[in-house]
Amino acid sequence: MANVHVLDHPLIQHKLAILRSKRTGVKEFREIVGEIAGLMCYEATRNLPTREVEVETPLMTAKCRVLAGKKLAIVPILRAGLGMVDSMVSLIPSAKVGHIGLYRDPETHKPVEYYCKLPDDIGNRQVFVVDPMLATGGSAVAAISFLKQHGCRNIIMMNIIGAPEGVEAVQKAHPDVEIYLAALDEKLNDNAYILPGLGDAGDRIFGTK
Ligand code: PRP
Ligand code: URA
């Protein structure tokens, strides 16, 4: 699939196995969502531009590379996307964080917007949209469209688990967006939950069920 990167790193896959287990409790689930997000961030930022700088070590001058190009922003889709933010911000402390609040209507499975707060200069930033689950793709497509309305042209999507239906929806609506996944699962069930998936990510992160 064009623009889709499934990260098969052993550490990511090992942690994902723990995340999927119904026996994993809230504390461990939340911690591992963060750990996977950090590892995925490492891969999803691989192609960021860098520039050369000279740094004085205690011994001599070293030619080093630092991040260049656009400033970064991390945009979690509330609520579950919040679980991926802290580890990313600790790796990229200069990134600003915007929030887009969407929930899936339980009947229609369509996204409903309830909150949005973005950095003023979001349109000039390289944006990472984060959400553990990409199911029908409705939430992701809506969030990305919203960011584009605010001028964003450089958007990367990071989901821990994606369904083929969701990937296809994002690719169709936003062919310019690269998608990073820890796993591409089989399909959706009749309630638009991902199979085999991990259940409801938001509820498992925040202990609401
Ligand atoms: C979940 C998940 C995504 C969305 C994915 O959120 O975190 O945002 O569903 O489904 P979709 O691809 O079919 O749109 P949910 O609506 O359950 O809200 P929550 O994060 O507040 O639990
Ligand atoms: N949202 C979730 O949290 N899990 C799914 O499987 C689908 C949507």
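It should be noted that the structure appears before, not after, this text.
Conventions and cut-offs
Residues numbered from 1 in each chain as written. Chains lettered and ligands numbered in written order. Predicted model: local features only at pLDDT ≥ 70, side-chain atom pairs only at ≥ 80, totals over all residues. Heavy atoms only, no water. 1 Å grid on protein atoms, 1.4 Å probe; cavity = no way out; pocket = protein on both sides within 12 Å on 5 of 7 lines; lining within 4 Å. Points joined across faces, edges and corners; volume = space filled by probe spheres on them. Helix = DSSP H or I, 4+ residues; strand = E, 2+ residues; numbered from the N terminus. Nonpolar A, V, L, I, M, F, W, Y, C, P; charged D, E, K, R; others polar. Near = heavy atom within 4 Å. Polar contact = N/O pair within 3.5 Å; in protein donor to acceptor, adjacent residues only side chain to side chain. Areas by Shrake-Rupley, 256 points an atom, 1.4 Å probe, with all protein chains shown as cover. Sits in = over half its atoms within 2 Å of the grid points.

### Comments concerning the layout of surface pockets
In this model, the largest pocket occupies a volume close to 700 Å³. Contributing to the lining of the largest pocket are 31 residues, with Y103, R104, Y193, D200 and G202 lying nearest its centre. Broken down by secondary-structure element, the contributors of at least two residues to the lining of the largest pocket are β4 (72-78), β6 (99-104), β9 (133-134), α4 (138-149) and α6 (201-206). Grouping the constituent residues of the lining of the largest pocket by class yields 15 nonpolar, nine polar and seven charged. In this structure, the second largest pocket encloses a volume near 310 Å³. Looking at the second largest pocket, it is lined by 20 residues, and the ones nearest its centre are L48, P49, K70, L72 and Q126. Looking at the lining of the second largest pocket, the elements that each hand over two or more residues are α2 (26-44) and β11 (178-184). Counted by class, the lining of the second largest pocket contains nine nonpolar, five polar and six charged residues.

### Details of the site of ligand 2
Near ligand 2 the following residues occur: R104, M133, A135, A192, Y193, I194, G199, D200 and A201. A distance of 2.8 Å is found between a nitrogen atom of ligand 2 and a backbone nitrogen or oxygen belonging to G199. A distance of 2.8 Å separates an oxygen atom of ligand 2 from a polar atom in the backbone of A201. Computed on the free molecule, ligand 2 has an accessible area of 240 Å², of which 88% lies beneath the protein chains in the complex. When each cavity is represented as a set of grid points, ligand 2 is found to reside in the largest pocket. For the shell around ligand 2, the per-class residue count stands at six nonpolar, one polar and two charged.

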